[in-house]
Amino acid sequence: MGSVVPYFRQLFGKEKKKEEERHLRANDRPFNLSYRYANNAIKTSKYNIFTFLPLNLFEQFRRLANAYFLFLFCLQLIPQVSSLSWFTTAVPLILVLGITAVKDANDDINRHRTDKQVNNRRVDVLVDGQLRNEKWMNVQVGDIIKLENNQFVTADLLLLSSSEPLNLVYVETAELDGETNLKVKQALTVTGEMGDSIDKLATFKGEVRCEPPNNRLDKFKGTLTLDQQVSSLDNDKVLLRGCTLRNTEWCFGLVVFGGPDTKLMQNSGKTVFKRTSIDHLMNVLVLCIFGFLATMCTILAIGNAIWEVKEGSVFTAFLPRENGIDASLSSFLTFWSYVIVLNTVVPISLYVSVEIIRLGNSFYIDWDRKMYYPKSDTPAQARTTTLNEELGQIKYIFSDKTGTLTQNIMTFNRCSINGKAYGELFNSAGQRLEITEKTDKVDFSWNQLADPKFVFHDHSLLETVKDGNPEAQTFFRLLALCHTVMPEEKTEGELVYQAQSPDEGALVTAARNFGFVFRSRTPETITIMENGRKVVYELVAVLDFNNVRKRMSVIVRSPDGRITLFCKGADTIIYERLHPSCSKLMEVTTKHLNEYAGDGLRTLVLAYKDLDESYLGEWRQRHHEAVTSIEDREERLDEVYEEIEKDMMLLGATAVEDKLQDGVPQTIEQLAKADIKIWVLTGDKQETAENIGYSCNMLREEMKDIFIVAANTAEGVREELHNARRKMCPEAAEEPTVIRSRAGLFWLQKTQSVQDEKVDGDYGLIINGHSLAFALEKNMQLELLRTACMCQTVICCRVTPLQKAQVVQLVKKYKQAMTLAIGDGANDVSMIKAAHIGVGISGQEGMQAVLSSDFSFAQFRYLQRLLLVHGRWSYLRMCKFLQYFFYKNFTFTFVHFWYAFFCGFSAQTVYDEWFITSYNLVYTALPVLGLSLFDQDVNDRWSSRHPQLYSPGQLNLYFNKKIFVRCMMHSCYSSLILFFIPWAAIHDTVRDDGKDIADYQSFALLAQTCLLVVVSIQLCLDTHYWTAVNQFFVWGSLAAYFAVTFTMYSNGMFFIFTSAFPFVGTARNSLNQPNVWLTIFLASLLCILPVVAFRFILIQLRPTINDKVRHKVRKEALPAPPPRRPPPRRISTRRSGYAFSHAQGYGDLVTSKRFLRPLKSRPALFIQKDSVLAQNEPQHYRTISEEPEGSMSP
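As recorded in an unreviewed UniProt entry, the protein goes by the name Phospholipid-transporting ATPase, listed as coming from Amphiprion percula. Regarding the protein, the UniProt comment filed under Catalytic activity (unreviewed entry) reads as follows: "ATP + H2O + phospholipidSide 1 = ADP + phosphate + phospholipidSide 2." As recorded by UniProt, the Cofactor (unreviewed entry) comment attached to the protein reads in full: "Mg(2+)".

Right under this line is the structure:
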């Protein structure tokens, strides 16, 4: 049988073999279709019109509770078993299924709408020798398509040709990695020669063999075979779906992966169904309740059997048994009858109420104006409505850096020239002034070529340059000459710099505004405008950057024949190569660098050296020999570079700000006070990540130590982690203590947890991607986890998307704590889906992370409000709701249990059937919803002011198994009072007129009235925050109860529906008696007084953090928003951060004669006025390459 199913699947095309290699041929659809590759249509929806009902019902009945209520409904259809009408279960069940189905249908309709919008986009496809405008969904693997400027890339394409020199194209990868800087891609020369010739492209028959579909954004391996010539393909030759073509008039590409096979969709992955810890606990509790229910029913069934044998025979004269029914069968039927009667221990309304509460709290997030970002018109959005209370339990946050913590905008903030610092403002008393938007800006209108978006506030620097200060002029001349920036002059005077890194763009733009304008370059020359005068420098050599050198230099010859080497790089590197005469200047500059580093700025040191002609001639000969050598080329080049880059003269230093998003340091500080640990997982380089760590106050000077793990071997990584752990906690055991336990439904899930180890003081950990790869191996995972969790801050650099997810999974597996991942690009999707809660940053950085997230907003600072306000409130409300709900339902059900001992275990209900139906759906539904939607212990401002209020949620103190047992005990006590007080009060009691009122119907009315009054008072005690809605719900529900009761027990209803309303006249006969109201008062007092006394004693002896803050709230006025103060000056003793996100090889590229465009003006490529790039933010530079090799975009 096992072999038959696969055979039929294969026969009907259901089974698809796993793809090991992709083989496709250009312009040959029949050949490519034979492989049955996916077309370019995407489908994220779950249902269609035919499958919705069966699939949705199947999914809903997979929930234990729904299946249980369906079983109860079937039981109620059996007359011999049921003592309740079928509608008491059918109506709530249909209501629950209907509400959930409507919600699921609405979500799926939105997914269908999004899919349709994307699939119906248009693109030019080469079909039968001509370009046709086709829908995206009709594009096939092997098709050649034409893209134009500002178009989205349709599928994963092999770039064939472009309008740009050297077959380059520029793409914006915001959808993939959250970066708005432009990246450069380059086609093969063999395909680039086709240009835009339709005839050549139509006859192109290249064959591609490449890797199968995968989610690795940074790697691609394959070959192109054309005319028996094989060319290698890598990631630089591929355009990925989700990118946008920029600054390129047109390009042609060959579709390699389409639709679901594209790397974008592969990264989206399968949507993970996330459930909260309360959901998991509820499943366990419901299972326990089922066991408890079965136990109660068994006890009562045994009681029925005993009663039938001892007492039942007496009643057979009045109530003869049906044929074939004896005591044992009666006991068996009684068991199932009590399953129906006592089913309210798990009422179906519980699940309806939970969904409504979660939906309501989700709307609060959507409607919160304090989380709305007006600049991009982006509100916060709860994309998942089932995880709200989890937001109140987060222990670990995993954050991306670029676009999440930072804006990916570089600004030239300060500089030090010849020992004098510029960029800060001071008042007459010498105090530092805070720079705001209202601060007076330097006027650059005198410079026609100045960038209007450049902002600087220190007027003294411009005056120094204008006065002809030689050091200041050399400083900016260096910035204008020593770089690999490519200029583009779209119209006369409108310069656009395409910088390989945003740092370089910021420095060249600063030089431009201060009068040293980089205008154009050729392979042999650099043209700059020096204070309006055109100067052409001969470019003698470019000494390129690499990760070891940490510097770059250019050698130029000025028009007057002076030869100069200009160098910029990391301070530690440059200082070693300075002339001894610079020692005093170096001390002053170092002081400035430490100040800049203290403020989290990215710094570079600038130096120069004059060369004579004869020495340069000899050096160029040695340089030529090194460049042309075959063996040890890199080492020989380094030696030649070292030889000339010495005895340089120090000019000064630059400080560039990698702009943080507003409020990031304050947000991180508040979250840290809430005992939330923040780990930064970034693809950026170590220096950059470290700088941001200091800027965000995650890394601080007062930390005892900051460990850097950067070993290149497994043993080296283990030793570094081990040494760090021993330093933090010398007495810790060598091997971790792993606690193994079982959890989940039926306790089938095995869990492992590693306890936190106490550390004296704060520590930080920085670990590189290659070291992290070793640390994540199974035999070293726990060492990494132990060491990292001892640290207050963890920063992982150069990590891949997969490593981000692995780190999250590691913490989830062994810490049993709630995790949250926040990011903004497709490279964060795996991390976002791996965490318990995924948050996407929306805005100009792209939407891929948002589409996979559970919550989204535009700025990182809103995370504080999401967790400390909305998350905490949601958790608090849900826990209060569950405590109260279980209390009121157990109390309701236990009264049935006690009544069984007085009704011969006959499964007779103690309440009226209509009260049983309405109790959870009408009488107690709205008050508990009011509590769960509006209650708050303190308001939002106090919540933010006291982050410590968040910690009880992390420890799960408000609802757990212990509190559940306490609820049951409380309910048991209340039910005893609510049964025996009315029973004793009404037993042998007569009315004022002497008539007997000790009948079943009067007792039922008294018991249910006492119950409703007591649970209403209990709700009032649990409510901290009263609103008009709460008041209306509580008093309205009580009023509705009495109104409905008098109506249903009236003569009119009895005459119309005699069998359905048998309690005729009971209400008016009972509720007009003083002793009945006295009984209600006495029962309520006995139920509520112990609760009030217990809570009073608890607050006096063991007050919680909530009690303390609420006491403070009553005594103090509402806290005012914190005043804006300029950040205090922080002097850093560490070496300043190196600010150069550069890639090796660009020196060769800028001196390539084939690279440069013809010097002609071109029309503006950004026609759309509302485009993000058209309305460029201040100094927001577009890079034309990725980070150094092996990096991942953060």
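Engineer: Explanation requested: the confidence of the model for the protein in the structure shown.
Structural biologist: Mean pLDDT over the protein stands at 83; residues scoring 70 or higher make up 85%. A low-confidence stretch, residues 1-15 stays under pLDDT 50, and its non-local contacts, those more than four residues away or across chains, total six contacts.

Engineer: Looking at this structure, how should I read the pairing of strand β31 (residues 763-767)?
Structural biologist: For β31, a buried count of five out of five residues is recorded, marking the element as mostly surrounded by other parts of the structure. Here β31 shows two buried faces, one formed by Y763, L765 and I767 and the other by G764 and I766. As judged from the five bridges shared by strand β28 (residues 705-709) and β31, these two strands associate in the parallel manner. When the sheet's bridge partners are listed, I708 is paired in β31 with I766. Bridge analysis of β31 against strand β32 (residues 793-796) gives four bridges, and the strand direction is parallel.

Engineer: Would you explain the sheet that holds strand β12 (residues 244-246) in this entry?
Structural biologist: Adjacent strands of a sheet form backbone hydrogen bonds with each other and so pair up, either parallel or antiparallel. Judged by pairing direction, the sheet is antiparallel, and its three strands sit side by side in the order β7-β6-β12 without closing on themselves. Here the strands that pair on one side only, and so sit at the sheet edges, are β7 (182-186) and β12. In this sheet, neighbouring strand axes are inclined to one another by 45 degrees on average, regardless of whether the strands run parallel or antiparallel. As paired strands, strand β6 (residues 168-172) and β7 are joined by five bridges and run antiparallel to one another. By the bridge assignment, E172 is partnered in β7 with L182.

Engineer: Sorry, what's going on with the UniProt feature "active site" (unreviewed entry) in the protein here?
Structural biologist: The feature "active site" (unreviewed entry), as annotated in UniProt, sits at D400 in this numbering. Structurally, D400 is set in the loop between β15 (394-399) and β16 (406-417). Side-chain polar atoms of D400 contact the side chain of T404, separated by 3.4 Å.

Engineer: Explain a negative patch on the surface to me, please; I cannot follow it from the model alone.
Structural biologist: Taken together, the side chains of E631, D632, E635 and E639 make up a negatively charged region of the molecular surface. Note on E635: relative accessible area 46%, which makes it partly exposed.

Engineer: Just checking my understanding: could you explain the sheet that holds strand β11 (residues 238-239) for this structure?
Structural biologist: Strand order in this open sheet of six strands is β3-β2-β4-β13-β5-β11, and the pairing throughout is antiparallel. Only two strands of the sheet have a single partner each, and these edge strands are β3 (130-135) and β11. Pairing geometry for strand β4 (residues 144-148) and strand β13 (residues 250-257), over five bridges, is antiparallel. Its bridge partner lying in β13, L147 is registered against C251.

Engineer: I would appreciate a short explanation of the packing of helix α4 (residues 64-76) against helix α11 (residues 327-341) in the present structure.
Structural biologist: To characterise two packed helices, one gives the angle between the axes of the helices and the distance between these axes. Running from N to C, α4 and α11 point in directions that differ by 125 degrees, and their axes come no closer than 10 Å. One way to sum up the angle between α4 and α11 is to call them oblique. Crossing hand, α4 versus α11: left-handed. Across the interface between the two elements, Y68, F71, L72, L75 and Q76 of α4 pack against W336, V339 and I340 of α11. Residues belonging to the contact of α4 with α11 are distributed by class as follows: seven nonpolar, one polar and no charged.

Engineer: What is the right way to read the pattern of salt bridges from this model?
Structural biologist: Once their charged atoms are close, side chains differing in charge can pair, the charge on each being opposite to the other. Tallying each qualifying case throughout the model produces 46 salt bridges. Its salt-bridge partner being D940, residue K370 comes within 3.2 Å of it at the nearest N-O pair. One end of the pair, K370, is in the loop between α12 (349-367) and β14 (381-382); the other, D940, is in helix α31 (residues 940-945), and 570 residues separate them in sequence. Here K401 makes a salt bridge to D658, at a shortest N to O gap of 3.6 Å. Here D658 lies in strand β26 (residues 649-660) and K401 lies in the loop between β15 and β16, a separation of 257 residues in the sequence. By relative accessible area, D658 is classed as buried at 5%. One network of salt bridges, with partners in common, ties together R551, E576, R577, E642 and E645.

Engineer: In this structure, what is going on with the pairing of β26? I would like to understand it.
Structural biologist: Across a regular strand the side chains alternate sides, sitting on one face of the sheet and then on the other. In terms of residue burial, β26 counts as a mostly covered element, since nine of its 12 residues are buried. Relative to β26, β16 runs antiparallel, the two sharing eight bridges. Residue pairing in the sheet places T406 in a bridge with L660 of β26. Both strand β25 (residues 602-611) and β26 contribute to a ladder of seven bridges, which runs antiparallel. Looking at β26, one finds that L606 is bridged to G652.

The rules behind each value
Residues numbered from 1 in each chain as written. Predicted model: local features only at pLDDT ≥ 70, side-chain atom pairs only at ≥ 80, totals over all residues. Heavy atoms only, no water. UniProt positions renumbered as here; feature names shortened; annotations may be inferred. pLDDT = per-residue confidence, 0-100. Contact = heavy atoms within 4.5 Å. Buried < 20%, exposed > 50% of the residue type's maximum accessible area, 1.4 Å probe, protein only. Helix = DSSP H or I, 4+ residues; strand = E, 2+ residues; numbered from the N terminus. Pairing = 2+ DSSP bridges. Axes fitted to C-alpha atoms, helices over the stretch in contact; angles between N-to-C directions. Polar contact = N/O pair within 3.5 Å; in protein donor to acceptor, adjacent residues only side chain to side chain. Patch = residues over 30% accessible without salt bridge, like charges linked within 9 Å, V, L, I, M, F, W, Y side chains within 5 Å. Areas by Shrake-Rupley, 256 points an atom, 1.4 Å probe, with all protein chains shown as cover. Salt bridge = Lys/Arg side-chain N within 4 Å of Asp/Glu carboxyl O. Lys, Arg positive; Asp, Glu negative; His and termini not counted. Charge placed at Lys NZ, Arg CZ, Asp CG, Glu CD. Parallel < 35°, antiparallel > 145°, perpendicular 65-115°, else oblique. Left-handed = near helix turned anticlockwise from the far one by under 90°. Nonpolar A, V, L, I, M, F, W, Y, C, P; charged D, E, K, R; others polar.

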